[in-house]
Amino acid sequence: MTRKSVLGEVRQVQLAVQLIGLGARLQFLEAAVQLSRERLIRLYKELKGVSPPKGLLPFSTDWYMTWLANIHSSMFYNIYRFMLDEADESELPALIKAYRLYSEQVESQGGEVVLDFTRAETMVRFFDSDMLQLSTCSRCGGHFVAHAHDNKNGYVCVLCRPPSRAGKARKPKVLEVRRGGLISVAPVLDIGGAV
């Protein structure tokens, strides 16, 4: 008969709190933390004030190939590899530290965090299952996320050869709303550019 350790349980709760704070989905929490699903759901509701999101996890490698997502994904994965190889971290602590460092770097430059924690974790699994690889740019020498088994000869990254529409974000549309004879102008969220 195995005895439950109170200290071990506290560590599991602390880990779950860290992961929920980073935006981990319930499916990942169940795999990473040894707490029951009911406790994780209750913990998620206490921390976020809402139920955990439902729906499918990312399942395609194509999202990581669009130019902006590729830049952010490549930045994150290079930090993650550094944590594994140079800082000698194991996979989960390396994932947490790499994601925090990536988010801090993007936000310190006034940018928007494009890669959420779920996509970052999914990308690591895609690398582990040999669906993605790092390719070296023949111009700048940087390492960028690419489909596995793509030809590496003459590869040019999205920074050295950006697409023509790169960086041209759509402005929010303005919608006129008539309420009781008054006209107000309200911005409409445009998610057409989101992938």
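Quick caveat: nothing in here was measured; it's all calculated off a predicted structure.

**Student:** I keep staring at empty space enclosed by the protein and nothing clicks. Help me out?
**Tutor:** Unfilled space is identified by rolling a water-sized probe across the atoms. Per the stated rule, a full pass over the model turns up one cavity of 30 Å³ or more. In terms of lining residues, the largest cavity is bounded by A24, R25, F28, L57, F117, T118 and E121. Element by element, the count of residues in the lining of the largest cavity is highest for helix α6 (residues 117-128), at three residues. Each residue belonging to the lining of the largest cavity can be placed in one class, and the counts come to four nonpolar, one polar and two charged.

**Student:** Could you clarify how one ought to interpret the pairing of strand β2 (residues 143-147) in this entry?
**Tutor:** In regular strands, side chains alternate between the two faces of the sheet. Alignment of strand β1 (residues 132-136) against β2, held across five bridges, turns out to be antiparallel. Bridging across to β2, L132 finds its partner in H147. Between β1 and β2, which follow one another and run antiparallel, lie six residues, and G141 among them has a positive phi close to 80°.

**Student:** Would you explain the layout of surface pockets in this entry?
**Tutor:** One number sums up the size of the second largest pocket: a volume of about 150 Å³. K4, S5, G8, E9, Q12, Q34, L35, S36 and R39 together form the lining of the second largest pocket. Element by element, the count of residues in the lining of the second largest pocket is highest for helix α1 (residues 6-22), at three residues. Along the lines of polarity and charge, the residues of the lining of the second largest pocket split into one nonpolar, five polar and three charged.

**Student:** Would you explain the packing of aromatic side chains in this entry?
**Tutor:** Both the distance between ring centres and the angle between the ring planes are used here to describe each pair of aromatic rings. All chains considered together, the criterion is met by ten aromatic pairs. Measuring from ring centre to ring centre gives 5.2 Å for W63 and Y64, while their planes differ by 90°; the resulting arrangement is edge-to-face. Residues W63 and Y64 agree in their burial class; the two are buried. For the pair Y99 and Y102, a centre-to-centre distance of 5.8 Å together with 50° between the ring planes defines the contact as tilted.

**Student:** Explain the nonpolar core to me, please; I cannot follow it from the model alone.
**Tutor:** Burial of nonpolar side chains together is a common tendency in soluble globular proteins. Formed by 39 residues in total, the largest nonpolar core has its most connected members in L19, F76, Y80 and M123. For this core, the secondary-structure elements that each account for two or more residues are α1, α2 (26-32), α3 (37-48), α4 (67-85), α5 (91-108) and α6. Leaving out residues up to four positions away in the same chain, L19 has contacts with A24, F28, L29, A32, V33, L92, I96 and F117.

**Student:** Hey, could you run me through the packing of α5 against α6 in this one?
**Tutor:** Packed helix pairs are characterised by how far apart their axes lie and by the angle those axes make with each other. The N-to-C vectors of α5 and α6 enclose an angle of 135°; their axes lie 11 Å apart at closest approach. On the basis of their axis angle, the class for α5 and α6 is oblique. Judged by the twist between their axes, the crossing of α5 over α6 is right-handed. Each of E91, L95 and Y99 in α5 lies in contact with α6, whose residues at this interface are F117, A120, E121, V124 and D128. Class assignment for the residues of the contact of α5 with α6 results in five nonpolar, no polar and three charged.

**Student:** Please explain α1 as it appears in this structure.
**Tutor:** Side chains that are three or four residues apart share a direction in an α-helix, a result of its 3.6 residues per turn. In this model, α1 (17 residues) spans 25 Å end to end at C-alpha, consistent with the 24 Å of a helix rising 1.5 Å per residue. Those residues of α1 lying buried are Q12, L15, A16, L19, I20 and L22. Buried residues in α1, looked at end-on, bunch into an arc of 155°, giving them a common side. Turned more than 90 degrees off the buried face of α1, the exposed positions are V6, L7 and G21. Looking at the packing, one finds that the buried side of α1 touches α2, α3, α5 and α6. If you check the start of α1, you find a side-chain oxygen 3.4 Å away from the backbone N of L7, and it comes from S5. Taken from the residues just after α1, G23 is the one with a positive phi, measuring 105°.

Reading guide: rules and limits
Residues numbered from 1 in each chain as written. Predicted model: local features only at pLDDT ≥ 70, side-chain atom pairs only at ≥ 80, totals over all residues. Heavy atoms only, no water. 1 Å grid on protein atoms, 1.4 Å probe; cavity = no way out; pocket = protein on both sides within 12 Å on 5 of 7 lines; lining within 4 Å. Points joined across faces, edges and corners; volume = space filled by probe spheres on them. Helix = DSSP H or I, 4+ residues; strand = E, 2+ residues; numbered from the N terminus. Nonpolar A, V, L, I, M, F, W, Y, C, P; charged D, E, K, R; others polar. Pairing = 2+ DSSP bridges. Phe/Tyr/Trp six-rings, centres within 6.5 Å; stacked < 30°, edge-to-face > 60°. Buried < 20%, exposed > 50% of the residue type's maximum accessible area, 1.4 Å probe, protein only. Core = buried A, V, L, I, M, F, W, Y, C linked by side-chain atoms within 4.5 Å. Contact = heavy atoms within 4.5 Å. Axes fitted to C-alpha atoms, helices over the stretch in contact; angles between N-to-C directions. Parallel < 35°, antiparallel > 145°, perpendicular 65-115°, else oblique. Left-handed = near helix turned anticlockwise from the far one by under 90°. Expected span 1.5 Å × (residues − 1). Arc of directions from axis to C-beta. Polar contact = N/O pair within 3.5 Å; in protein donor to acceptor, adjacent residues only side chain to side chain.

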